[in-house]
Amino acid sequence: MQVVAISVDPPEVTREHCRKQGYTYTFLSDEKLNAILRYNLLHHDGGPGGSDIARPGEFLIDSAGTIRWVNLTEDIRVRARPEQVVKLLDQFGRTARSGD
């Protein structure tokens with residue numbers, strides 16, 4: 001399994017943000033909004049100066065591209081807790097190994 005974040009920010013902004021925050025996982029730039037639109041995450045005019053931003057959302061997507069879990073919110077401060085995601089990953093891993 002792999003953790004990946006997606007942002008509407010340009011790559012240089014994303015790289016600097018990751019450096020400052022100490023993120024070690026893959027952080028992709030989606031300036032053209034392909035993934036953001038596919039998963040209905042665009043918040044029109046929600047950013048500084050009326051810029052478009054991505055709504056907060058977490059997805060668990062398996063290797064076949066099937067969405068197994070979704071957590072969406074309208075509040076950037078409300079996110080899934082790390083322990084909640086780890087539990088889901090553990091459960092998903094057990095299910096995938098048992099063939100369910």
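What you see is a predicted model, and the numbers here were worked out from it, not measured in a lab.

Calculation criteria
Numbering of residues starts from 1 in each chain and follows the order in which that chain's sequence is written. Confidence filtering applies because this is a predicted model: local features only for residues at pLDDT of at least 70, side-chain atom pairs given and counted only at 80 or more, and all residues used for totals across whole chains, interfaces and linings. Excluding hydrogens and water, the side-chain values take into account all heavy atoms of the structure. Labels follow the DSSP assignment, with helices taken as runs of H or I lasting at least four residues and strands as runs of E lasting at least two, numbered in each case from the N terminus. What makes two residues a contact is simply this: any of their non-hydrogen atoms within 4.5 Å. By the counting rule applied here, Lys and Arg register as positive and Asp and Glu as negative, while His and the ends of each chain are not counted. For charged residues, the charge sits on one atom: NZ in Lys, CZ in Arg, CG in Asp, CD in Glu. Both site types are read off a 1 Å grid over the protein atoms alone. A 1.4 Å probe that fits but cannot get out defines a cavity, while an open set with protein on both sides within 12 Å along at least five of seven lines defines a pocket; lining residues have an atom within 4 Å of a point. Grid points are joined across faces, edges and corners, and a volume is the space filled by probe spheres set on the points. Here the nonpolar group is Ala, Val, Leu, Ile, Met, Phe, Trp, Tyr, Cys and Pro; Asp, Glu, Lys and Arg are the charged ones; every other residue, Gly included, is treated as polar. Here a strand pair is declared whenever DSSP counts at least two bridges between the two strands. pLDDT measures the predictor's confidence residue by residue and takes values from 0 up to 100. Salt bridge, as applied in this entry: a Lys or Arg side-chain nitrogen positioned within 4 Å of an Asp or Glu carboxyl oxygen. Exposure classes here rest on a 1.4 Å probe applied to the protein chains alone. A residue is buried below 20% of its type maximum, exposed above 50%, and partly exposed in between.

For the rest of this paragraph, the subject is the overall build of the protein. Scanning the protein for helices and strands turns up three helices and six strands. Along its sequence from the N terminus, the protein presents helices and strands in the succession β-α-β-α-β-β-β-β-α. Considering only C-alpha atoms, the protein reaches an extent of 50 × 25 × 25 Å along its principal axes. Look at the contacts in the protein between residues 6 or more apart in sequence, and 21% of them connect residues 24 or more apart. Considering the protein, the positive charge centre built from 13 side chains and the negative charge centre built from 14 side chains are found 5 Å apart.

Its boundaries defined by the atoms lining it, the largest pocket holds a volume of some 1600 Å³. Around the largest pocket sit 41 residues that line it, and Val4, Ala5, Ile6, Gly57 and Glu58 are the ones nearest its centre. For the lining of the largest pocket, the secondary structure elements donating two or more residues are strand E1 (4-7), helix H1 (11-21), helix H2 (34-38), strand E4 (53-54), strand E5 (57-61) and helix H3 (82-98). Per-element tally for the lining of the largest pocket: the top contributor is H3, with six residues. The residue makeup of the lining of the largest pocket, split by class, is 29 nonpolar, six polar and six charged.

Let's shift gears to the pairing of strand E6 (residues 67-72). In this structure, E5 lies alongside E6, joined through five bridges in antiparallel fashion. Within the sheet, the bridge partner assigned to Leu60 lies in E6 and is Trp69. Here E5 hands over to E6 after five residues, with Gly65 in that stretch at a positive phi of 90°.

Residue-level pLDDT values for the protein average 83, and 92% of them are 70 or greater. H3 is the least confidently modelled element of the protein, averaging 76 in pLDDT, while H1 averages 92, the highest of any element.

Before going further, it helps to examine the pattern of salt bridges. Overall, the coordinates contain three salt bridges when judged by the stated rule. Where Glu16 meets Arg19, a salt bridge forms, and the shortest distance between an N and an O atom there is 2.5 Å. Within this pair, Glu16 and its partner Arg19 are both found in helix H1, separated by three residues, close to a single helical turn. We note a salt bridge from Arg81 to Glu83, for which the minimum N-O separation is 3.8 Å. Each member of the pair, Arg81 as well as Glu83, carries the same accessibility label: exposed.

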